Amino acid sequence: SFSAYGQVIRSYYDLIHWRAQAQLRIGDLLQDEGQSETARQSYFAVLRELNRVPIWRKRASDRLLAQIRGPVPEKIKAYQQIVQEASEFPDLKAEAQLRIAQSLVDDKQYLQAIREFEQVEAIAPGLIWAQAKSRILQAEVHGLMQDELKGIYILEDVIESYHSVEGGVFVQEAEQVLFNL
């Protein structure tokens, strides 16, 4: 499999989507074989080459962040390291910051999670999608804290402010969360 995917990368230079998929598959195979650091480099190769293409940026980021496992404090420390070191990949930094906050939610540290969600805008000021996602998740946390009214206000703001971001996907998500509050 490695050689076939490598052949795609070498032979089909103009077919960037094929090459990205092949590079991700190589990383997946390496990860399955326990070669996490080499897999990580494979995922970063996709980010370096196709950071401007949202689907590949998201898939590579998800795979990189999925490598982080363990107890909440260890995961948070690893995510913080990514936030500090991934300056050339603002989307990855934003995803890592969202995961820090989500880890705190999973650990029922709601107030700290809200503070971490609020950091997304400072970490990635130009990433509207990250801000929308952060606000939606903040609203969910307010619901968990029995402060549904605050959550509703946040979600109404998301619906009003982010209606054109990524084809309205965040408006749909906010409406669903609003329904569930």
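The structure reproduced in this document is the subject of the present report. (Residues numbered from 1 in each chain as written. Predicted model: local features only at pLDDT ≥ 70, side-chain atom pairs only at ≥ 80, totals over all residues. Heavy atoms only, no water.)

Its identity as a non-glycine residue notwithstanding, lysine 108 has a phi of 60°, on the positive side. With respect to the element layout, lysine 108 can be found in the loop between α6 (90-106) and α7 (110-123). The exposed category is assigned to lysine 108, whose relative accessible area is 61%. Non-glycine residue glutamate 166 carries a positive phi angle of around 45°. (Helix = DSSP H or I, 4+ residues; strand = E, 2+ residues; numbered from the N terminus. Buried < 20%, exposed > 50% of the residue type's maximum accessible area, 1.4 Å probe, protein only.)

Enumeration according to the criterion identifies 1 aromatic pair in this entry. Their ring planes at 40° and their centres at 5.7 Å tell us that phenylalanine 44 and phenylalanine 89 sit as a pair that is tilted. Within this pair, whereas phenylalanine 44 is found in helix α3 (residues 36-50), its partner phenylalanine 89 is found in the loop between α5 (72-85) and α6, the two being separated by 45 residues in sequence. Looking at arginine 59, its charged tip hangs above the ring of tryptophan 56, at a distance of 5.0 Å from the centre. (Phe/Tyr/Trp six-rings, centres within 6.5 Å; stacked < 30°, edge-to-face > 60°. Lys NZ or Arg CZ within 6 Å of the ring centre and 35° of its normal.)

The next thing to look at is the side chain of lysine 93. Mapped onto the secondary structure, lysine 93 falls in helix α6. Buried charge without a salt bridge: lysine 93, with aspartate 91 as the nearest opposite-charge side chain at an N-O distance of 11 Å. When residues no more than four places from it in sequence are discounted, the contact partners of lysine 93 are Ile82, Val83, Ala86, Ser87 and Ile123. (Lys, Arg positive; Asp, Glu negative; His and termini not counted. Salt bridge = Lys/Arg side-chain N within 4 Å of Asp/Glu carboxyl O. Contact = heavy atoms within 4.5 Å.)

Take the nonpolar core next. Counting residues in hydrophobic clusters, the biggest one holds 52 residues, and the most contacted among them are Leu92, Phe117 and Trp129. Apart from residues lying up to four places away in sequence, leucine 92 is in contact with Phe44, Leu47, Ser61, Leu64, Leu65, Ile82 and Ala86. (Core = buried A, V, L, I, M, F, W, Y, C linked by side-chain atoms within 4.5 Å.)

Don't take any of this as a statement about function, it's just geometry.
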